[in-house]
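Residue-level listing of the chains:
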Amino acid sequence: MDIHTLFAALRPELHKVTLKNGAELYVHRPAISNFEKCTDAKSTLLYTVSDEDGVPIFSDVDEDGKINVNQIDALIVSEINGEVMKLWPKAEEPQIQDHIEKK
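Just so it is clear, the structure is predicted and the values come from calculations on it, not from any experiment.

Draft legend 1. Structural detail: the overall build of the protein. A count of helices and strands for the protein gives 5 helices and 5 strands. Listed by position from the N terminus, the elements making up the protein come as α-β-β-α-α-β-β-β-α-α. The buried share among the 103 residues of the protein stands at 24%. Long-range contacts, defined as pairs at least 24 residues apart, comprise 36% of the intrachain contacts of the protein with a sequence gap of at least 6.

Below, the structure is given as structure tokens:
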């Protein structure tokens, strides 16, 4: 077993989002370590938005190399949060257990 291949398959998958001005960011479902921390739109952005390498781009304080989420337009926060919510399976979509059982 190649542990690196397995880890790559288990990491949250990045999905590109293009903002109105053409800037790109990536959203993903939270890792299990951050799942319970995603209690509102602001915290969800902190734990589910990154650059193309998976490095978080938001912080809730002023931090070099990151954007302070507290200074972002609330409508844009809501739009990005909506993109994250689209990543959750809907009831009519096959769940991972169904997919595993078929193999």
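Draft legend 2. Quick peek at helix α3 (residues 41-48). Ser43, Thr44, Leu45, Leu46 and Thr48 are the residues of α3 that are buried. Residues of α3 that are buried sit in contact with β2 (24-27), β3 (49-50), β4 (58-59) and α4 (74-85).

Draft legend 3. Structural view of the nonpolar core. The biggest cluster of nonpolar side chains holds 14 residues, and the ones touching the most others in it are Leu25, Val27, Leu45, Val49, Phe58, Val69 and Ile80. Taken together, the elements giving at least two residues each to this core come down to β2, α3 and α4. Here the element with the most residues in this core is α4; it accounts for 3 residues. Not counting chain neighbours up to four residues away, the residues in contact with valine 49 comprise Leu25, Tyr26, Val27, His28, Pro56, Ile57, Phe58 and Ile80.

Draft legend 4. Molecular detail of the side chain of serine 59. Turning to its location among the elements, serine 59 is positioned in strand β4. A polar contact is formed between the side chain of serine 59 and the backbone oxygen of valine 61, at a distance of 3.2 Å. Sequence-distant contacts of serine 59, that is, excluding residues within four places in its chain, are made with Leu46, Lys66, Ile67, Asn68 and Val69.

Draft legend 5. Examining the environment of tyrosine 47 more closely. Residue position: tyrosine 47 is located in helix α3. In this structure tyrosine 47 touches His28, Pro30, Asn34, Lys37 and Cys38, once residues within four positions along its chain are discounted.

Draft legend 6. Quick look at the side chain of asparagine 68. In this fold, asparagine 68 is placed in strand β5 (residues 67-68). Here aspartate 62 takes part through its side chain, which lies 3.0 Å from a polar atom of the side chain of asparagine 68. A distance of 2.9 Å separates a polar atom in the side chain of asparagine 68 from the backbone nitrogen of asparagine 70. Leave out the neighbours within four places in its chain, and asparagine 68 touches Ser59, Asp60, Val61 and Asp62.

Draft legend 7. Expanded view of the packing of aromatic side chains. Across all of its chains, the model carries 1 aromatic pair by this definition. Each ring, one from phenylalanine 35 and one from tryptophan 88, has its centre 5.9 Å from the other, and the planes form 65 degrees; the classification is edge-to-face. Remark: tryptophan 88 occurs in the loop between α4 and α5 (96-102) and phenylalanine 35 occurs in helix α2 (residues 32-35); sequence separation between them is 53 residues. Owing to a relative accessible area of 33%, tryptophan 88 belongs among the partly exposed residues under this scheme.

So, how was this worked out
The numbers attached to residues start from 1 for each chain and follow its sequence in the written order. Only residues with pLDDT of 70 or above have their local features reported here, since the model is predicted, and side-chain atom pairs are shown and tallied only from 80 upward, although totals for entire chains, interfaces and linings are computed over all residues. The basis for the side-chain values is all heavy atoms of the structure; hydrogens and waters are excluded. Think of it this way: any DSSP run of H or I at least four residues long counts as a helix, any run of E at least two long counts as a strand, and we number them from the N terminus. Any residue under 20% of the maximum accessible area for its type is buried, any over 50% is exposed, and the rest in between are partly exposed; the area is computed with a 1.4 Å probe on protein chains only. Residues are treated as being in contact if the distance between any of their heavy atoms lies within 4.5 Å. As used here, the term nonpolar core means buried Ala, Val, Leu, Ile, Met, Phe, Trp, Tyr and Cys residues forming a set that is joined through side-chain atoms within 4.5 Å. Side-chain atoms alone can form a polar contact between residues adjacent in sequence; in general such a contact is a pair of N or O atoms within 3.5 Å, and within protein one must be able to donate a hydrogen while the other accepts it. Any Phe, Tyr or Trp ring, taking Trp's six-membered ring, that has another such ring centre within 6.5 Å forms a pair; planes under 30 degrees apart are called stacked, those over 60 apart edge-to-face, and the others tilted.

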